[in-house]
Amino acid sequence: MSKDDDRSPPLDLRGADIAESSSKTRNCVTGSGHVTGMNPMEFQAPYPDQVLENVLENVLQFLTSRRDRNAASLVCKSWCRVEALTRSELFIGNCYSVSPKRATARFSRVRAVAIKGRPRFADFNLMPPEWGAHFKPWVAALGSAYPWLEKVYLKRMSVTDEDLKHLAEYFPSFKELVLVCCDGFGTRGLAVIAKKCRQLRVLDLIESEVADSDMDWIGEFPESGITCLESLIFDCVESPINFEALERLVVRSPSLKKLRLNRFVSIGQLYRLMVRAPQLTHLGTGSFSLAEGVAHGDQEPDYESAFAACKSLVCLSGFREIATDYLSAIYAVCANLTSLNLSYANINAEQLKTVIFHCHKLQTFWVLDTICDEGLQAAAATCKDLRELRVFPIDAREDSEGPVSEVGLQAISEGCRKLQSILYFCQHMTNAAVIAMSNNCPDLEVFRLCIMGRHRPDHLTGQPMDEGFGAIVKNCKKLTRLAVSGLLTDQAFSYIGRYGKLVRTLSVAFAGNSDRGLKYVLEGCPRLQKLEIRDSPFGDEALRSGLHHYYNMRFLWMSSCSLSPQGCREIARALPRLVVEVIKDEAEVNRGECEEHIDDAFDILYMYRSLEGPRDDAPHFVQEHSKQKQGIGLSNIVLLIIYPSMKRWRFGLEELEVQNGEFTKFSSMPPVEKQELAFTREKKKNLVCLF
Amino acid sequence: MESKVAYENGLNLKATELRLGLPGTDIESEEQALSSARNNKRPLPDNSKECGLKGSSDDAQHSDHETAPPAKAQIVGWPPIRSYRKNNLQPKKGEAEASGIYVKVSMDGAPYLRKIDLRVYKGYPELLKALENMFKFTIGEYSEREGYKGSEFAPTYEDKDGDWMLVGDVPWDMFMSSCKRLRIMKGLEARGLGCGV
């Protein structure tokens, strides 16, 4: 396989894909491609390496995990090339870490792209709105590189109507668009997608801000013929839709499995849709109340039977403006539900009990704290299979009434032993309850506790919450994501550094005493990828202690901490491949003055590794302290040990354990230039070292 | 307060009272705010009980004599809930729920700035209590003539024209629309602003 110059579509070796593709419009695989096995006769000038590469391509085709792929690509140039040819799903965790040009130059056969933009704290108004993360440069590059592109997934990106128009124009085989926490577009852009993407299977708008351009976008779907629509999610769209058009669309979409309506769809309209789509597996019920101006009548539709007819329903959400009288309609489906989202429904404990009583199979449960500890106790009693729980506050203020507390948390920990992920907002908490959860729920991977009062201690003992969070990191051996709150001293961070060896994402707010806190974490957590900190007393010295690790991270966010511009510059000087953004409040910059008593004050430090250096679309309020460097890419030391006796190859970037009892650890070292691989054979092992 | 009693008796002496103040401003709320500052009485929200304010008075009649607990300043981005969740669940109000007025607050000697949303507060007393809580200090008593007495701190703000004013000098609505940022001054400077206004 020589380097691929032509723009032929990716080769599909998996049987499923071949079967699937036969029924869809698709560029044909011509005779020069492989379908099964090797065929050296196809090549003009076969050479031994080509055979190896054929084998490699056939094997690597099956590698799906992108981490494994990343490691495979570092073995040698040949592997790098073949891996690049066989990668069909491109994931960009930070849109500024690599340029569209570089990404598309390396990977020539991509069919699905996922790009993430803004950091998560931007969701909470902590970042000025024009900061960046524009999809525009990407859509242009993708358009020229991958005309066969089928799927786009964007999270926290700014997407314009123009971008959506280009998506529809550039990609005739476009099938799936998923926009999560995005903004910048409106119903006008959606209209173009609906109208032009004839192969659209998935249009999912999740927690995105959609401007109301007064466009009937639902009406733009083709009016006749069967559609291939499988998923239509628009519960975040805050504007009315053309219901009649939607109804007609649903009728013509026999493959529709997921439908999540927005709050402008009344319960009466919901009924009409449900009876036409009993095959739904995921349903977002819209407002779940009567339309405005409609009163309870004698002839109300039989909502219960409509729900009962949906035998495949496993995921229920919506209830945006719930009229609780109708809640009983869903009882029939509760027994099958694996996911229930009541987080917009202001219901009390009694009302919840009537529902949750039936939900034995529930694995995901999102709810408002209006159900109180009592409601959580009921959930704990029934939902023995619960994996994910999110409890949102109805009144998100520091001093509001706290309907849920440690009592609810304790109950959940005792009833739901398989819990893997929890997000819990409350006013008061105790160490005891958190410790109990750490003991009762050993499978926890995500623990996010938000005690809404800043610096609030254990409300029974008056102690800091150090011990509770310490127990979580110590006992929950699978923990990868942690968000802390309440009164926390450096001790809590000491625990995290000592025990949180798998933690990848850490959120800190109003916590810690001194630089030591942050140091513990940066020195102790080798897997740390995403660190977001606000309003905590960590300064330059703490920042310095992470120098050995920043290239391994996706980003570091620190706002309202004790950093100085010099401290940030120092980091930038030491790590040329790091983009160090210092963001000031726009109003101050506009005035062009400095505070007399707070020099060079800035709000946010946001830094991330990048191959491109400082971005060219940074707004004026972003200062970049970065050194640009020539040469190619950052690299870490990778050690790959291939044991013939092992059943599987283990790829890894940081640490590797050798299976025959020898324990070898290699930590990542400062980046050096890439060199050719040194392949050495020894008696017992094939050792491949990459620099 | 005599004038307040007079008002309640229907004499409406307020309309004829000579005082410093700009025409067309909401005199009643200013009066209420200032008198509350003096009496340490705060205009309590209706649902104070549901809000769970600590130590909230049971008997509204006695609210004159008791201090209502301070509402904590609403820090930007805290708690970490996305705004669409907050908006969707609040009861729909008559007036449009406009976006917040965010201003920076700095205090002499404090290492970093805070940002607050002025729309959250109903008047000066709430704002001042919130600032006291935020920065852990006490503001003195306000008087028109002498500014804030009884503490070395004075809350000031920069208005649209770039002038530094003492917080409380203008009616609340005017303050909200003209305040660009807040600064809690310390020491001599603070006293300087208080006199000779």
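Not measured: the values here are computed from a predicted model. (Residues numbered from 1 in each chain as written. Chains lettered and ligands numbered in written order. Predicted model: local features only at pLDDT ≥ 70, side-chain atom pairs only at ≥ 80, totals over all residues. Heavy atoms only, no water.)

## Notes on the UniProt feature "domain: Transport inhibitor response" (unreviewed entry) in chain A
- Per the UniProt record, "domain: Transport inhibitor response" (unreviewed entry) is found at residues 109–154 of chain A.
- Counting secondary structure, residues 109–154 of chain A comes out at 22% helix and 20% strand; the distance between its end C-alpha atoms is 19 Å. (UniProt positions renumbered as here; feature names shortened; annotations may be inferred. Helix = DSSP H or I, 4+ residues; strand = E, 2+ residues; numbered from the N terminus.)

## Notes on helix 8 (residues 187–196) of chain A
Residues and elements named next belong to chain A.
- Buried residues dominate helix 8, accounting for seven of its ten residues.
- The complete set of buried residues in helix 8 reads T187, G189, L190, A191, V192, I193 and A194.
- The inward-facing, buried residues of helix 8 abut helix 7 (161–170), strand 4 (176–180), strand 5 (185–186), strand 6 (202–206) and strand 7 (210–211). (Buried < 20%, exposed > 50% of the residue type's maximum accessible area, 1.4 Å probe, protein only. Contact = heavy atoms within 4.5 Å.)

## Describing the packing of aromatic side chains
- With the rule as written, the count across this model stands at 28 aromatic pairs over all chains.
- Measuring from centroid to centroid gives 5.6 Å for A:F493 and A:F538, while their planes differ by 90°, and the two rings are edge-to-face. With A:F493 in helix 18 (residues 490–499) and A:F538 in the loop between strand 19 (530–534) and helix 20 (540–544), this residue pair connects regions lying 45 residues apart in the sequence.
- For A:F538, a relative accessible area of 1% puts it in the buried group.
- Between B:F137 and B:F153, the aromatic rings sit 4.9 Å apart at their centres with planes inclined by 65°, giving edge-to-face as the arrangement. Of the two residues, B:F137 sits in the loop between helix 5 (124–135) and strand 3 (141–143) while B:F153 sits in strand 5 (residues 153–158), which places them 16 residues apart along the sequence. (Phe/Tyr/Trp six-rings, centres within 6.5 Å; stacked < 30°, edge-to-face > 60°.)

## Considerations on helix 15 (residues 406–415) of chain A
Residue and element names in this part refer to chain A.
- Of all ten residues in helix 15, seven are buried, a share of seventy percent or more.
- Three or more residues of helix 15 are buried, namely E406, G408, L409, A411, I412, S413 and G415.
- Residues of helix 15 that are buried make contact with helix 14 (372–382), strand 14 (388–392), strand 15 (421–426) and helix 16 (431–440).

## Some thoughts on the pairing of strand 19 of chain A
Residues and elements named next belong to chain A.
- Summarising burial for strand 19: five of the five residues are buried, a large majority.
- Residues K530, E532 and R534 line one face of strand 19 and the alternating positions L531 and I533 line the opposite face, and both faces are buried.
- Here strand 18 (residues 505–509) runs beside strand 19; their pairing, made up of five bridges, is parallel. In the sheet register, T505 faces strand 19, and the bridge partner there is K530.
- Once you follow strand 18 into helix 19 (residues 515–524) and on to strand 19, the crossover reads as right-handed. (Pairing = 2+ DSSP bridges. Right-handed = clockwise from strand over helix to strand, strands pointing away.)

## Focus on the UniProt feature "domain: COI1 F-box" (unreviewed entry) in chain A
- With numbering aligned to this structure, UniProt lists the feature "domain: COI1 F-box" (unreviewed entry) at residues 49–88 of chain A.
- Note that residues 49–88 of chain A is 72% helix and 0% strand, and that its end C-alpha atoms are spaced 23 Å apart.

## Focus on a nonpolar patch on the surface
- Taken together, the side chains of A:V51, A:V55 and A:V59 present a nonpolar region at the surface, about 210 Å² in accessible area.
- For A:V59, a relative accessible area of 48% translates into the label partly exposed. (Patch = residues over 30% accessible without salt bridge, like charges linked within 9 Å, V, L, I, M, F, W, Y side chains within 5 Å. Areas by Shrake-Rupley, 256 points an atom, 1.4 Å probe, with all protein chains shown as cover. Salt bridge = Lys/Arg side-chain N within 4 Å of Asp/Glu carboxyl O.)

## Some details on the environment of A:L190
Residue and element names in this part refer to chain A.
- Examined against the element boundaries, L190 turns out to sit in helix 8.
- Along the sequence, L190 and N262 sit 72 residues apart, while their C-alpha atoms lie 15 Å from each other.
- Excluding residues within four positions of it along the chain, L190 makes contact with L164, F185, L205, V210 and W217.

## Considerations on the packing of helix 18 of chain A against helix 19 of chain A
Residue and element names in this part refer to chain A.
- The geometry of helix 18 relative to helix 19 is characterised by a closest axis approach of 8 Å and an angle of 5° between their N-to-C directions. Taken as axis vectors, helix 18 and helix 19 run roughly parallel relative to one another. Counted together, D490, F493, S494, I496 and G497 of helix 18 and R516, G517, Y520, V521 and G524 of helix 19 form the full contact between these two elements.
- Tallied by class, the residues present in the contact of helix 18 with helix 19 amount to four nonpolar, four polar and two charged. (Axes fitted to C-alpha atoms, helices over the stretch in contact; angles between N-to-C directions. Parallel < 35°, antiparallel > 145°, perpendicular 65-115°, else oblique. Nonpolar A, V, L, I, M, F, W, Y, C, P; charged D, E, K, R; others polar.)

## Side note on the sheet that holds strand 2 (residues 114–117) of chain B
Residue and element names in this part refer to chain B.
- Strand order in the open sheet formed by five strands is 2-1-7-5-6, with mixed pairing between adjacent strands. Two strands lie at the open edges of the sheet, namely strand 2 and strand 6 (164–166), each paired on one side alone. The mean angle between the axes of side-by-side strands here comes to 35°, regardless of whether they run parallel or antiparallel.
- When strand 1 (residues 102–107) meets strand 7 (residues 181–186), the two strands line up parallel, connected through four bridges. Bridge pairing in strand 7 links V105 to L182.
- This element, helix 5, spans strand 1, strand 2, strand 5 and strand 7 of the sheet and lies at about 155° to strand 2.

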